[in-house]
Amino acid sequence: MSSLSTNTPSTTTTSADPDTGAATEEEEGNIFSKYYSQLSHQQNMLTDHVRTKTYLQAFFKNTVDFQGANCLDVGTGSGILAFFCVQAGAKEVWGVEMSRITIAAKKLVSSNGLSSKIHIVKGKMEEVTLPKKVDVIVSEPLGFLLVHERMLESYITGRDRYLKPGGKMFPSNSTIYTAPFTDEPLYAETCQKSDFWCNNDFMGVDLTALHETSMEEAFGQPVVGYFHPDILLSDDRGTHFVDFHTVTHEALKSFEIDFQHTITKTAVCHGIACWFDCDFSGSQETVVLKTGPEAPGTHWYQCRLMFRSPLAVNKNQILNGRLTFRANDSFSYDVKVEAGIDCNPRIETENMVFLQDQHYHYLYAEESAVDAQGMGHVRGNEGQV
Ligand SMILES: C[S@@+](CC[C@H](N)C(=O)[O-])C[C@H]1O[C@@H](n2cnc3c(N)ncnc32)[C@H](O)[C@@H]1O
């Protein structure tokens, strides 16, 4: 899916039949729409029990926010969060969904006898017209490393268009975390991917002119998978806080995460590990969804951004640097990784990573693997977009 080059959801138009959910040719060309129209992919998300149960808990621990409320579910998929809204006491819910999974969602709503309360609306959040503003917006717009898929932009479009002043958002905010890591086998494996291009006599052709390009490609892939927390080289974390109530489209299109990590063990540093947590801050309780290496596994795993040139680091040295995120036309982000030791602003290693071009790497931390297996299927195993 990584070679996708198309418009962002906010700029693509569709004219799907609102009743039958029939897709136009243009919509069929939208890889996210097609992907999410399949029950198997909805199932993968539903059976990420950490994810789905955290949402349920967040709503149930804050029923005061849902009692008698009108709600909007941005990207309702199977309709699961709309059902949770009703279970938590909502009066009515509009579940907006761009893909043809609306046909399945409508079936579920009707077979569960909730057609008077849950209204499935086929279309993009950026384009649909709803009858009224709402008290609460819910959504699961989270990609790996939080921002992949760029669905947060549709979430805040829902906010700007339909949330009443003072309304609640579930989730309410998120924090991306960073930490340096060491992983020699991963680094060696990444280099080896390009060995083929070292051949100076491939059926009579010298391929070596492309070796460097192949290395750039290999190191340009984010490594998505579990890792053991022991590989982290600092106890402190770089952070980037996103408040969904106030974040602007501009701020999501480009942002930076500066980090300054005190190294806790002498090692070779191979890159920066990233993950995120999400808060559901209701009137009664804040519930947290965690996706870090010490938390139970989720289908978001964790993400590692490799250094093209590793850095030897000594205990107590400071590793500083910056991750610069720029939204791209593949529903994802180009990330510039820069780092150096005790060096602000001198940079000793830098690399470009393209989040849409994931390398799935399922080596795991024991706890995460156990939890992940308990979930049954997870989306990444099926080839996440
Ligand atoms: C991560 S899934 C979550 C599905 C469901 N809410 C759940 O929690 O299981 C996101 C859903 O949002 C839909 N979606 C993405 N962008 C959208 C947009 N701009 N407007 C409407 N739906 C969108 C996708 O088709 C997909 O079904």
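Analysis parameters
- Residues numbered from 1 in each chain as written.
- Predicted model: local features only at pLDDT ≥ 70, side-chain atom pairs only at ≥ 80, totals over all residues.
- UniProt positions renumbered as here; feature names shortened; annotations may be inferred.
- Helix = DSSP H or I, 4+ residues; strand = E, 2+ residues; numbered from the N terminus.
- Buried ≥ 20, exposed ≤ 12 C-beta atoms within 10 Å, placed from the backbone.
- Contact = placed C-beta atoms within 7 Å.
- Pairing = 2+ DSSP bridges.
- Axes fitted to C-alpha atoms, helices over the stretch in contact; angles between N-to-C directions.
- Arc of directions from axis to C-beta.

- Looking up the chain in an unreviewed UniProt entry gives the name type I protein arginine methyltransferase, with the organism given as Triparma strigata.
- UniProt, in the comment section headed Catalytic activity (unreviewed entry), describes the chain in these words: "L-arginyl-[protein] + 2 S-adenosyl-L-methionine = N(omega),N(omega)-dimethyl-L-arginyl-[protein] + 2 S-adenosyl-L-homocysteine + 2 H(+)".

### Some remarks on the overall build of the chain
No. 1: When helices and strands are tallied, the chain shows twelve helices and 16 strands.
No. 2: Split into buried and exposed, the 385 residues of the chain put 45% on the buried side.
No. 3: Of the contacts made within the chain by residues no fewer than 6 positions apart, 75% connect residues no fewer than 24 positions apart.

### Things to note about the sheet that holds strand β14 (residues 333-341)
Two pairing modes exist for strands in a sheet, parallel and antiparallel, and in both the strands are linked by backbone hydrogen bonds.
No. 1: With antiparallel pairing, four strands are arranged side by side in an open sheet as β9-β13-β14-β15. For this open sheet the edge positions go to β9 (254-262) and β15 (349-354), each flanked by a neighbour on one side alone. Between one strand and the next, the sheet's axes are offset by a mean angle of 15 degrees, whatever the strand orientation.

### Some words on helix α3 (residues 39-46)
In an α-helix, one turn spans 3.6 residues, which is why side chains three or four residues apart end up on the same side.
No. 1: Taken together, the buried positions of α3 are occupied by H41, Q42 and N44. Taken around the axis of α3, the buried residues stretch over an arc of 155 degrees, which confines them to a single face. Set apart from the buried face of α3 by more than 90 degrees, the exposed residues are L39 and S40.
No. 2: Next to the buried residues of α3 lie α2 (31-36).

### Examining helix α7 (residues 102-111)
No. 1: Within α7 the residues assigned to the buried category are T102, A104, A105, K106 and V109.
No. 2: Contacts from the buried residues of α7 go to α3, β2 (92-97) and β3 (118-122).
No. 3: Of the residues one or two after α7, G113 is the one with positive phi, at around 65 degrees.

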